[in-house]
Amino acid sequence: MISWILLMFLYLSVPAHLSENPPKRTVEVTASSRHYVDRLFDLDPQKVLQGVIDMKNAVIGNNKQKANLIVLGAVPRLLYLLQQETSSTELRTECAVVLGSLAMGTENNVKSLLDCHIIPALLQGLLSPDLKFIEACLRCLRTIFISPVTPEDLLYTDATVISHLMALLSRSRYTQEYICQIFSHCCKGPDHQTILFNHGAVQNIAHLLVSTSYKVRMQALKCFSVLAFENPQVSMTLVNVSVDGELLPQIFVKMLQRDKPIEMQLTSAKCLTSMCRAGAIRTDDSCIVLKTLPCLVRMCSKERLLEERVEGAETLAYLIETDVELQRIASITDHLIVMLADYFKYPSSVSAITDIKRLDHDLKHAHELRQAAFKLYASLGANDEDIRKKIIETENMMDRIVNGLSESSIKVRLAAVRCLHSLSRSVQQLRTSFQDHAVWKPLMKVLQNAPNEMLVVASSTLCNLLLEFSPSKEPILESGAIELLCSLTQSENLALRVNGIWALMNMAFQAEQKIKSDILRGLSTEQLFQLLSDSDVNVLMKTLGLLRNLLSTRPHIDHIMSTHGKQIMQAVTLILEGEHNIEVKEQTLCILANIADGTTAKELIMTNDDILQKIKYYMSHSNAKLQLAAMFCISNLIWNEEEGSQERQDKLRDMGIVDILHKLSQSSDPNLCDKAKTALQQYLA
C-alpha cells in the first residue's frame, strides 16, 4: 500500500478557519447555498448522493455559487465523503467531480482546496480499483496542478506517487491525458526532469505520441517539450527512441507539418529545438534547417495569434542563439527582420479598436511581444555584421531599444539590454547609431540597483561601449562609471567580477594618466591583489590585461610604478611562481616587458634578482610564447639608446643571458630567431 495513505487521517477534520471563522469574502451566502451543504450531512446515503449531484449542476460555470459553498465548509465534507470506504463509488466519484469544478473557479478557490489538503486525499483515491473514480480524481488533480498558486513540489513529496502515476498511464485515454498534463505542468527545472526521467517517463509516454486521441498526443508532446528543455540526458535518450519503427525526431517532424494544429506544430518545434541545443541533433540536420526553423518563422507572421507569435519568436531565438549559420538562414527567411518590427505595434491605437476585449487582449500581450522581438533580434545579431546592420536599419529600431531600457516590465528591460548587447558587438554601430541615440544614458540607469541577471548583460554591453573607438567612452567615464565598475569587481557573482574588470581593462586602454590613476585608486591595492588571486582564470586574465593597459606609455609606467611598484612586482612574482596556464604566464611576462620599457621603472626589475632569474628561466622554456615574452623583457632592458644600458647589458651578460640569446638565434622558430638576433645587435652596437 502506498505510504501516503498513512497521512490521510490528518486531513479528515474541518480546518478551523472554515468552520469557526469563515474568511472574509465579498460573497452573499444564500439560503440555497446553505441547503446544498446541509444535504451533504443527511443520514440517507442516497440523499447525500443526490445532494452532491445537485451541487455539481449548481456550480457549473457559477463562480459566485462556488465561493459560497467553499465559505460554508462544503470542501472538508466533500473530502470526508470522498475518503470514506463506506461511501459508494458513485458518491466518491461525484465528490471528486464537484471538487474539480470548484477548482476551476478563482485562484482563491484553489488556495482554499489546498488548505484543506485536497492533494493527498485525491492521491489516495488513485489507489481505488474503480477506473471512473480514478479518472475523476486525476481530472481534479490536473485542474489543481495547472493553477499558478499550486506548488509543483507537492507532486514529488513521495516518490511512490510518480511510480503509481506511471502505472496508471495504461488504464485509459483519460488517465493518459490527465497524467501527461500534470507532468508537463509540474516539471520545472532539472530536479523534476531527473525524477520523471528516472521513473521511466520517456519509455512510458513515447507510445502516446501515436495515440488515436488528439488530446493524448498533444499532452504527451508537451511532456517531452518540458522534459527535454536544457536537458542533454533526456534529449540524447529521445533521439534514439522509436515508436512503431519510427524514431521520435521523425514523429516530431511529422507533427510540424502545416496541416497540423498550430499548438502541435509549435510544441514539436520546441522538442526539436531542445534536442538540437542539447547536441542530440546537429544544427545542419535537415529536420532543423528545412523543417523546425521555417516552422518557427511561420509562427512569427501576422496571421498567427499574438500568443503564438510570442512563443514562436522566443523558441526561434533559443534555437539560433549560438549557431552562426542558423542565424544567417533565419535572417533571410520570409523577411523575418522586418516581420518582427510589427511586434512593437501593439496595442493598436485606441481609435482603431472598437472592441474593448480586443484592446485588453492587445495590452496583455504587448509586453510579451516586445520581449520576444528583442530576444530574437539579439540572437539574430549575435555574430554577423550584415545582420546587425539590417536590424538597426529596421524602422525606429534604436528608439525602440532605448524605450525598452526604460520599460516598467523587468522582462522587457532585460530583453532590450540583451538586444543592445548583441548589437554593441558591431564596431560600425558603436561609432554611429549608438552615439546618435546616446544609448549609454539609459544603460547607465539600468545598471543602478538592478538584479544580477540584468547587471550581467548590462555590464557586458558597457564593456563594448568602453572600447577605445567608441565615442560613448568619454561620457560614460564622466558619469561615474569607474566607481560602479570597481564595485562590480567585488561581487560574489563571477560574471559580474569578470565584466567589471573587463570594462576597466577596456577603459584603461590608451587612456590618460588621470583615468588610470582613478582606476587604481578606485580598485585599491588590496582589491587588485584579491583579483590576481581569484580562482577563476577569466578574472585573472582580465586583471592582468588591465595591468598591462595601465602600464603603457613611459610616463604612465614610471608614474604608476613609483606609487605601486612594490605591490605590482610582488604580484608578478607570485603569478610566475604559481601553477598557472601558459596564457596567464605569457600575459604576466608581457607586463614585465612593459615595466622594462619605463625610464625609471626598469630599475625595479634590474634590482630584483629573483625576477631576473625568472625571466632567464622562461627564455629557455619549452613553450615558444613564453620564450618570446621573456625576450621582450630582455630587449627593453638592454636597448642601448637609453641611459644606463651598458650597466644593464653587463649585468645580464654575467647572468648568462647572452649565451641564451646566441642559442635562440639558431632557433627554428622565425620569431624567436629574429628577436634574439635583434637583441644581440644591442650588444654589438
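Residues numbered from 1 in each chain as written. Predicted model: local features only at pLDDT ≥ 70, side-chain atom pairs only at ≥ 80, totals over all residues. Heavy atoms only, no water.

What the protein chain contains, in helices and strands, is 43 helices and two strands. What you see for the protein chain is a C-alpha radius of gyration of 34 Å, clearly larger than the 26 Å of a compact globule of 685 residues, by over 25%. Its C-alpha atoms give the protein chain principal-axis dimensions of about 115 × 60 × 60 Å. Put simply, of all contacts in the protein chain between residues at least 6 apart along the chain, 68% involve residues at least 24 apart. As displayed, the protein chain has an accessible area near 30,800 Å², and 51% of this comes from carbon and sulfur atoms. The distance from the centre of the 69 positive side-chain charges to the centre of the 76 negative ones in the protein chain is 5 Å. (Helix = DSSP H or I, 4+ residues; strand = E, 2+ residues; numbered from the N terminus. Rg over C-alpha atoms; globule rule 2.2 N^0.38 Å. Contact = heavy atoms within 4.5 Å. Areas by Shrake-Rupley, 256 points an atom, 1.4 Å probe, with all protein chains shown as cover. Lys, Arg positive; Asp, Glu negative; His and termini not counted. Charge placed at Lys NZ, Arg CZ, Asp CG, Glu CD.)

What follows deals with the state of the cysteines. As enumerated under the stated definition, the model contains zero disulfides in all. Of all cysteine sulfurs, the one in Cys300 lies closest to Cys295, which takes part in no disulfide; the gap is 9.8 Å. Judged by its relative accessible area of 0%, Cys295 falls in the buried class. Sulfur of Cys633: no disulfide; nearest cysteine sulfur belongs to Cys590 and is 7.7 Å away. (Disulfide = S-S within 2.5 Å. Buried < 20%, exposed > 50% of the residue type's maximum accessible area, 1.4 Å probe, protein only.)

A separate point is empty space enclosed by the protein. It is a probe the size of a water molecule, rolled over the atoms, that shows where empty space is left. Summed over the entire model, instances satisfying the criterion amount to one cavity of 30 Å³ or more. By volume, the largest cavity amounts to about 30 Å³. Lining the largest cavity are Leu528, Phe529, Leu532, Leu547, Gln567, Ile568 and Ala571. Looking at the lining of the largest cavity, the elements that each hand over two or more residues are helix H34 (525–532) and helix H36 (554–577). Across the lining of the largest cavity, the residue classes tally to six nonpolar, one polar and no charged. (1 Å grid on protein atoms, 1.4 Å probe; cavity = no way out; pocket = protein on both sides within 12 Å on 5 of 7 lines; lining within 4 Å. Points joined across faces, edges and corners; volume = space filled by probe spheres on them. Nonpolar A, V, L, I, M, F, W, Y, C, P; charged D, E, K, R; others polar.)

This part is about the UniProt feature "repeat: ARM" (unreviewed entry) in the protein chain. UniProt annotation of "repeat: ARM" (unreviewed entry) refers to residues 73–109 when read in the numbering used here. As annotated, residues 73–109 comprises 76% helix and 0% strand, and the C-alpha atoms at either end are separated by 12 Å. (UniProt positions renumbered as here; feature names shortened; annotations may be inferred.)

Counting across every chain of the model gives 30 salt bridges. Glu395 serves as the salt-bridge partner of Lys345, at 3.7 Å between the closest nitrogen and oxygen. Linking Lys345 in the loop between helix H21 (336–341) and helix H22 (356–380) with Glu395 in the loop between helix H23 (385–392) and helix H24 (397–404), this pair joins segments that are 50 residues apart in sequence. According to the relative accessible area criterion, Glu395 is partly exposed, its value standing at 41%. For Lys651, the salt bridge goes to Asp609, with nearest N and O atoms at 3.2 Å. Linking Lys651 in helix H41 (residues 645–654) with Asp609 in helix H39 (residues 609–619), this pair joins segments that are 42 residues apart in sequence. Residue classification places Asp609 among the partly exposed positions, given a relative accessible area of 47%. What emerges from the salt-bridge pattern is a single network uniting Arg554, Asp597, Lys602 and Glu642. (Salt bridge = Lys/Arg side-chain N within 4 Å of Asp/Glu carboxyl O.)

Topologically, Ala167 is positioned in helix H10 (residues 159–168). Among the residues examined, Ala167 registers a relative accessible area of 47% and is labelled partly exposed. As for Ala167 and Ser101, which are separated by 66 residues in sequence, their C-alpha atoms are 26 Å apart.

The N-to-C vectors of helix H14 (residues 214–228) and helix H17 (residues 262–277) enclose an angle of 30 degrees; their axes lie 8 Å apart at closest approach. On the basis of their axis angle, the class for H14 and H17 is roughly parallel. When you trace H14 past H17, the crossing you get is left-handed. Here Tyr214, Arg217, Met218, Leu221, Lys222, Phe224, Ser225 and Ala228 of H14 come into contact with H17, specifically with Glu263, Met264, Thr267, Ser268, Lys270, Cys271 and Ser274. Here the residues of the contact of H14 with H17 are counted per class, giving seven nonpolar, four polar and four charged. (Axes fitted to C-alpha atoms, helices over the stretch in contact; angles between N-to-C directions. Parallel < 35°, antiparallel > 145°, perpendicular 65-115°, else oblique. Left-handed = near helix turned anticlockwise from the far one by under 90°.)

Below, the discussion takes up the packing of aromatic side chains. Enumeration according to the criterion identifies five aromatic pairs in this entry. With centroids separated by 5.3 Å and ring planes inclined at 55 degrees, the aromatic side chains of Phe229 and Tyr318 adopt a geometry described as tilted. Taken together, the residues Phe229 in the loop between H14 and helix H15 (232–238) and Tyr318 in helix H19 (residues 306–320) connect sequence positions 89 residues apart. Of the residues examined, Tyr318 reaches a relative accessible area of 17% and is grouped as buried. Relative to Phe374, the ring of Phe344 lies with its centre 5.1 Å away and its plane at 65 degrees, an arrangement referred to as edge-to-face. (Phe/Tyr/Trp six-rings, centres within 6.5 Å; stacked < 30°, edge-to-face > 60°.)

Counting through the fold element by element, Ile638 comes out in helix H40 (residues 624–638). Its relative accessible area of 0% is what places Ile638 among the buried residues. Ile638 sits eleven residues away from Gln649 along the chain, and the two C-alpha atoms are 5.4 Å apart. Ile638 has contacts with Ser645, Gln649, Leu652, Ala679, Gln682 and Tyr683, leaving out every residue within four places of it along the chain.

Spanning 14 residues, helix H35 (residues 537–550) covers 20 Å between terminal C-alpha atoms, matching the ideal 20 Å at 1.5 Å per step. Across the 14 residues that make up H35, a large majority, ten, are buried. All of the buried residues in H35 are Val539, Leu540, Lys542, Thr543, Leu544, Gly545, Leu546, Leu547, Asn549 and Leu550. (Expected span 1.5 Å × (residues − 1).)

Within this model, the largest pocket holds a volume of roughly 1,600 Å³. In this structure, the largest pocket is lined by 44 residues; those nearest its centre are Phe229, Lys270, Glu314, Thr315 and Lys375. Of all the secondary structure elements, the ones that give two or more residues to the lining of the largest pocket are helix H11 (173–186), helix H12 (190–198), H14, H17, H19, H22, helix H25 (410–423) and helix H29 (452–465). Here the lining of the largest pocket takes eight residues from H19, the largest share from any one element.

One way to put it is that H40 packs onto helix H43 (residues 670–684) with a least axis distance of 10 Å and a crossing angle of 20 degrees. Our classification of the angle between H40 and H43 gives roughly parallel. The two elements H40 and H43 meet at a crossing, and its hand is left-handed. Contacts between H40 and H43 involve Ala624, Gln627, Leu628, Met631, Phe632, Ser635 and Ile638 from the former and Asn671, Leu672, Lys675, Ala676, Ala679, Gln682 and Tyr683 from the latter. Its residues placed into classes, the contact of H40 with H43 shows nine nonpolar, four polar and one charged.

The residue Gln627 is located in helix H40 in this model. You can call Gln627 buried: its relative accessible area is 10%. The residues touching Gln627, leaving out its near neighbours within four places in the chain, are Tyr618, Met619, Ser620, His621, Leu664 and Leu672.

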